[in-house]
Structures are given as structure tokens and as C-alpha cells.
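Listed below, chain by chain, are the residues.
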Amino acid sequence: VRVALFAACFNELLFPETPRAVVELLERLGHTVEFPEAQTCCGQMHANSGYRREAMPLLRRFVATFEPYEAIVSPSASCVGMVRESYPRLVEGDRELSAAVAELAPRVYELTELLVDVLGVEDVGARLEARAVYHPTCHSLRGLRLGDRPLRLLRAVRDLELAELPRADECCGFGGTFAVKNAAVSTAMLEDKLADVSASGAQLVVAVDNSCLMHIGGGARHARLPIETRHLAEILVSR
Amino acid sequence: VSADGFPERAERALADRQLRANLGHATATIRRKRDAVVGELPEWEALRDAGAAIKDAALADLPRLLEELEVRVVKAGGVVHWARDGREACEIVASIARTHEVDEVVKVKSLATDEIGLNEALATAGVSAVETDLAELIVQLAHDRPSHIVVPAIHLNRNEIRDVFAASFADERLEAVPEALAEAARIHLREKLLSARMAVSGANFAVAETGTICVVESEGNGRFCLTLPDVLVTVMGIEKVVPTFRDLEVMLQLLPRSATGERMNPYTSLWHGVTPNDGPQEFHLVLLDNGRTSVLADEVGRAALRCIRCAACLNVCPVYERTGGHAYGSVYPGPIGAILTPQLHGLQQGRTLPWASSLCGACYEVCPVKIDIPRILVHLRQRIVEDGGAGVLGPAGMKAAAFVFRGSRRFRLAQRLARPLLRLPVGPLRGWLRSRAAPSIPEHGFRDWWTRRG
């Protein structure tokens, strides 16, 4: 399958190893990956912060950039959620754009959806020796409803021991600008998430959103806890 | 109502470790109970759809339904009053008290009367209002404010309650055990209930086709208020009306399971108008607008008026669970409060509240009438930003970011410039760095790798 990669601005800037892992993983599985260079940002930060007017050109750009592709993949659940849930609302009243979004949105997949649902693969041949927990981020859990797709992929990773994360479904406290605007509450949520990770005995937190992982990992390093964070794509490409 | 500065109030609340422990424990208990009784209904999702549909139908037809309700209530011997705002509603209740020359009224737990500050207004008119719901009584005696919609004293533990009662009832030997505390309240309240000549209640539902008013409760003190005094006044937000009696079948399943984790609440009182020689012989219904029609005018925000005040969204909210209700500075705390307060009282009130959420979506999942709270939070952020209000990173930062993202060459260049800058602890990064280390900034972005790879 020919797949277009939406890397997500945040990953391009701060976590380039994640989209790299997606490219390497898909190529290893025998697929062709393209990176349309016109892509920038899906507009999530603007839309969720109330800057609809600023988000609209980014939305149009996303639609124009990815319209020609039959499958689009992104290693960012919150961005995929933006396209699937928020785009239709943002374009309400614009018939042409609504039609374009309705056409495009179902072809935009989060990485684990592409692997499990479209490519029909759960064992990607990865190997990693670690004790890990999977943190289901809010957008992947309640937005995209990824269910156990990420866990099915992780369970197939050789030598990876998956621990149970207590209160896994609770938000880590990132929430985009919430992390700065309401830093104290965000931190209180983070402390509890880190305590739950520590209680699980895991040394590695895996998720499908680097934004949440940056928050969890930053908290762990600030508190000098022996906890690392890594995007699921990077686990799946490990050997 | 003052609801400015959620971040500051939240930070103060978070410093209270005892409060956090109390709240964490209490909300976890209600969550577990709610999950258990919701889980046993295979048709729960269909019930939620039905609940949302009933409320939407009612909101779409509100003027006709309210007039129908008025006709039915009047026909059954009641009096109906229309109040544009809290001041009018308070004046109506106070004048009824004056007519009957009462200086004390007993109250059924009611959010609407808290919203309009009825107790304070009555006090000014020389009438003392006695809360009869146990938790409301505790809060009233403590000169405190409710911090939860269903469990108003959730922020207090039993030792704190003992101290309040010991001081109020002049009983220094009172023990901090639930039975002793309940008995002290019971003795105090029985006297009030048996002597009261006028009661004030809210309403959980009002049925247009029959003129029936419905109040649900757990303790039975409300039932006392609704049956013993000669005069009963019900203050009801206009969004509480449902079209038909059958609608209660759905609502009375959704509410107790969501609110207290019970299949059925212990007391459900239904009445219409006046029944000769049985119960209150004078019944007044005050229909309260107080901002509701302006909420109705907002196509996205109006879904907030479906709310049946179950507080399930508070109990699952990771923000509420840690800050408690007082941080929201409103009668309506938690996620539902964050969308109701600014809408009911104007965007100037509580303009920080729509940001008091990580948009985690837990509230929407449990809402029995499917209010998409995260969507309305974002919608209100947008209204406030477009109103020239405080953005988060500031409008300049947001506009600059949007400019960068409007072109891929700009984006590439900006990435190169941003990487070294992100290593400096300035701007929003300062808030970040208080509790989180900065991410290590890579030398090259993804685009550089992709291009090199050819």
C-alpha cells in the first residue's frame, strides 16, 4: 500500500525519531511511504485554544495536501482526532469544504489503526527487552477509540514485558495549553500518573501521542524517577 | 457569583493535601458505585440517547411547554410566577413569605435557589431559610459554600463536621461518628420541620402535559418539606420542563444511577397543584429564566441546558477531583459548571473556566444526557477569544504560530530557528519547567532526515 505520512508539526520539531520509525516500519513491512512536503500543522492547538480563524487556513492546507492520497497515516492520535472529529464541525456551513473533509477524514489513520485494520498486521517482528506500561492517551482512548489495537501490537513484541497501569484511563494532565495555563492542576495530575507508573514497576511508558509523553517524561526527569518514555512506533521498529 | 481566576484558586486548593485526599477518596467511591449500576443495564447507551432526545425536544419547544405547564398547574390549584432573573425570583418568594407573615422557611436542596442567592435575599427580608438536606445544613451552619452539586459537603470530613455541629448545637461532647452526627442533625431538623409553615424547593423535572413537579432525594427531609407546611414554593429553571409523564421513565433511570450510583433514589416526590386537605394548601411555581434563554440562543452551547444536575461529570473529572468545587467560584462547579457559569452569567463571569479542563473527554462519556462538554468548552474558548479575551499563549503567539504553519518553507525555517530558542527558559516554558524538565531538543528535524535520505 502507498501511504502518505502526516508527521505532525510537534513531532517534526521535537520528536523526529517517531515519524522516522513510522517510515522504517512501514517500509520493512513492504509498503511505500510518501511525505508530502507541503504539510505543516493540522491546526489542533489553534482550534482547541479558541483560535478558529487561525486554524482554518491550516485545515484547508491539510485537506489540499492530503486529498490526492488513498491512505494517510499519523503517529499522533490527537491530530487524527482533530481531523476526524473537529474538522467536520469547523467546516460546517461550507458545502464544498464539508464534502472534501467527509471524503478525506475516513482515509486518515492513526498508526495502530493502519497496522491492525488496514494492513492486518499485529506482529511486526519487533524485539525489545524492557518492562513497560501502555498509557492510553485521552484522544486515543475516548476520541479515536483505539481499544486494544496498541496493546495487541505491543503484546507481539518479543521480550517486552507489559505491566498493568493502575487508573490507566485517567488523563496525564497535559491537555495542550492546559499544561501551562493551569500548570498547578496539570502538575497534580502528572504526579499521580507518575505514582501509578512507579507502582507498576515499569521503566518505560509507551503511548501514541508524544505530547503526553513529553509531559510524563519531563515530569519523571524533573522528579529524578527511573522512568523513560517512548512512542509506540519506536517500540515497533526496535530489533 | 465571582468566577474569575480559576488557576489561582485551583493552586490554593491543591496546596491542601487533606482536601485532595478527601476528594480523591469520595469521588472514587461514587465513581465505582456509578460504574457498577450503569454496567448492569445493557440498554444504557439507548437510555442516554433517549434522555438527550427528550431534553432537546423540550428545549426546542420551550415556550409552548412552559405555557402548557402553567395551564396545568393553575388548573390544579397552583399559582405560576415568571421570573426574568434571580432578583425577580427572590422578590416573588419574599413577598409570599411576607403575605403569610412567616419568618422562617424550610428548604429542600435546590441548585436554582443557590444560583439566585435566595437564602441571602430572604435574610435581608427578615426571613431565615433553613436547609434541610443534611449536607446543605452542614455547609449552611459552617457559613461555607457547597462544593459539589449532589454532595455539597464533599470537601469536609467527619471531624470537621463534628466541630460545626458541636458549635452550632452547643454540644461539646458530640462524637465524630456518623450515627451521632446524623442524630444531632435529626433532632435539630425535626423541630424545624414540624413547626415550619412555608417550604421552598427546586424541581428535578416538571411535566408539561400533567403539571406534575418531581423532586428526587435520598434522606426524606425533602418529603417532609413538600408535605407538612401550609405553603410550598418551587423555584424551577425553565429548562427543567419535559413534555410528557412518560419521559420520567427515562429520566428517573438516568438520574439516580448517574448521581449517587443507586438504581432508584430512596424518595421520589411527585405532585401537582394542591390537593384539598392533603399537603400544602397553597402552591406557587416560580419559573426562572436568569440567563437561560440567552444560552438557548447559542446553537452549540445550548446543549448545556440538557443537564439534569447528576454531577457524574464532576466525579470523573481529573481536574475537579484534585481542586474541589470552590476553585470554580460558582454554584455550578466541575465540567458542567465550566460551561454553564460563563453562559448563564455572561462571558465576563468565569472567563477562565472554559480553560479549566485538559479536554480529556471523561465527562462526555458519563453524561446521562450526552452533553458534549469538551466541544462546548472549546466553543466558549472561541467566543471569549473572538470577544478579545485572554488567549492562552496570547493572541500574538497564536497568530505567529499560525503564520508559520501557513507555508511549508516558513515552517522549515522556523523549526531551525525554534530549536535553539526552545532551550531558553522563557515565556510559556517557565510554567512548564516548574514541574517538568524540558525535552531534549534534537539537532535536526524530521524534514532534514527525509531530504537527506533522498
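These notes cover the structure that comes with them. (Residues numbered from 1 in each chain as written. Chains lettered and ligands numbered in written order. Predicted model: local features only at pLDDT ≥ 70, side-chain atom pairs only at ≥ 80, totals over all residues. Heavy atoms only, no water.)

### With respect to the environment of A:Asp169
Residues and elements named next belong to chain A.
Stage number 1. Tracing the backbone shows Asp-169 in the loop between strand S6 (158-162) and helix H10 (178-181).
Stage number 2. A residue is classified by how much of its surface remains accessible, and Asp-169, at 46% relative accessible area, is partly exposed.
Stage number 3. Sequence separation of Asp-169 and Pro-136 is 33 residues, and the distance between their C-alpha atoms is 6.3 Å.
Stage number 4. Ignoring sequence-local partners within four residues, the contact set of Asp-169 consists of Leu-141 and Arg-142. (Helix = DSSP H or I, 4+ residues; strand = E, 2+ residues; numbered from the N terminus. Buried < 20%, exposed > 50% of the residue type's maximum accessible area, 1.4 Å probe, protein only. Contact = heavy atoms within 4.5 Å.)

### Structural notes on the side chain of B:Thr212
Residues and elements named next belong to chain B.
Stage number 1. Checked against the element boundaries, Thr-212 lands in strand S6 (residues 212-217).
Stage number 2. Of the residues examined, Thr-212 reaches a relative accessible area of 3% and is grouped as buried.
Stage number 3. Among the polar contacts listed, one links the side chain of Thr-212 to the side chain of Thr-210, at a separation of 2.6 Å.
Stage number 4. Beyond its immediate stretch of four places on either side in the chain, Thr-212 contacts Phe-205, Ala-206, Val-207, Phe-245, Leu-270, Trp-271 and His-272. (Polar contact = N/O pair within 3.5 Å; in protein donor to acceptor, adjacent residues only side chain to side chain.)

### Quick look at the pairing of strand S7 (residues 231-237) of chain B
Residues and elements named next belong to chain B.
Stage number 1. In terms of residue burial, S7 counts as a mostly covered element, since seven of its seven residues are buried.
Stage number 2. Of the two faces of S7, the one carrying Val-231, Val-233, Val-235 and Gly-237 and the one carrying Leu-232, Thr-234 and Met-236 are both buried.
Stage number 3. Bridge count between strand S4 (residues 198-201) and S7: four bridges; the pairing is parallel. Note that in S7 the partner of Val-200 across the bridge is Val-233.
Stage number 4. Across seven bridges, S7 lies against strand S10 (residues 282-288) in parallel orientation. When the bridges of S10 are listed, Val-235 appears paired with Val-286. (Pairing = 2+ DSSP bridges.)

### Here we look at the packing of helix H4 (residues 52-66) of chain A against helix H6 (residues 95-104) of chain A
Residues and elements named next belong to chain A.
Stage number 1. Interhelical geometry of H4 versus H6 gives an angle of 55° and a closest axis separation of 10 Å. Here H4 lies oblique to H6, going by the angle between them. The handedness of the crossing between H4 and H6 is left-handed. For the pair H4 and H6, contact is made by Met-56, Leu-59, Arg-60, Phe-62, Val-63 and Phe-66 and by Leu-97, Ala-100, Val-101 and Leu-104, respectively.
Stage number 2. Residues that form the contact of H4 with H6 fall into these classes: nine nonpolar, no polar and one charged. (Axes fitted to C-alpha atoms, helices over the stretch in contact; angles between N-to-C directions. Parallel < 35°, antiparallel > 145°, perpendicular 65-115°, else oblique. Left-handed = near helix turned anticlockwise from the far one by under 90°. Nonpolar A, V, L, I, M, F, W, Y, C, P; charged D, E, K, R; others polar.)

### Description of the nonpolar core
Stage number 1. B:Phe6, B:Phe165, B:Phe205, B:Leu285, B:Ile336, B:Ile339 and B:Ile371 are the most contacted members of the largest nonpolar core, which has 125 residues in total.
Stage number 2. Among all residues touching B:Phe205, those that are not within four sequence positions of it are B:Thr212, B:Ile213, B:Cys214, B:Lys240, B:Val242, B:Leu248, B:Met251, B:Leu252, B:Leu255 and B:Ile308.
Stage number 3. A:Ala4, A:Ala100, A:Val124 and A:Val208 belong to the second-largest nonpolar core, a separate cluster that totals 67 residues. (Core = buried A, V, L, I, M, F, W, Y, C linked by side-chain atoms within 4.5 Å.)

### Quick look at the packing of aromatic side chains
Stage number 1. Taken as a whole and judged by the stated rule, the model has 16 aromatic pairs over all chains.
Stage number 2. Relative to A:Phe66, the ring of A:Phe6 lies with its centre 5.7 Å away and its plane at 85°, an arrangement referred to as edge-to-face. Of this pair, A:Phe6 sits in the loop between strand S1 (2-5) and helix H1 (9-14) while A:Phe66 sits in helix H4; the two residues are 60 residues apart in sequence, bridging distant segments of the chain. Each member of the pair A:Phe6 and A:Phe66 is classed as buried.
Stage number 3. Seen from their ring centres, A:Phe35 and B:Phe446 are 4.9 Å apart, and the 70° between their planes marks the pair as edge-to-face. Here B:Phe446 lies in helix H22 (residues 446-453) and A:Phe35 lies in the loop between strand S2 (32-34) and helix H3 (44-49), a pairing that spans two chains.
Stage number 4. Judged by relative accessible area, B:Phe446 falls into the buried class, the value being 0%.
Stage number 5. Aromatic rings pair up to connect A:Phe6, A:Phe62, A:Phe66 and A:Tyr87 into one cluster.
Stage number 6. In this structure, A:Lys181 is placed above the aromatic ring of B:Trp355, and the distance from its NZ or CZ to the ring centre is 5.7 Å.
Stage number 7. The ring of B:Phe403 carries the charged tip of B:Arg410 above its face, separated from the ring centre by 4.1 Å. (Phe/Tyr/Trp six-rings, centres within 6.5 Å; stacked < 30°, edge-to-face > 60°. Lys NZ or Arg CZ within 6 Å of the ring centre and 35° of its normal.)

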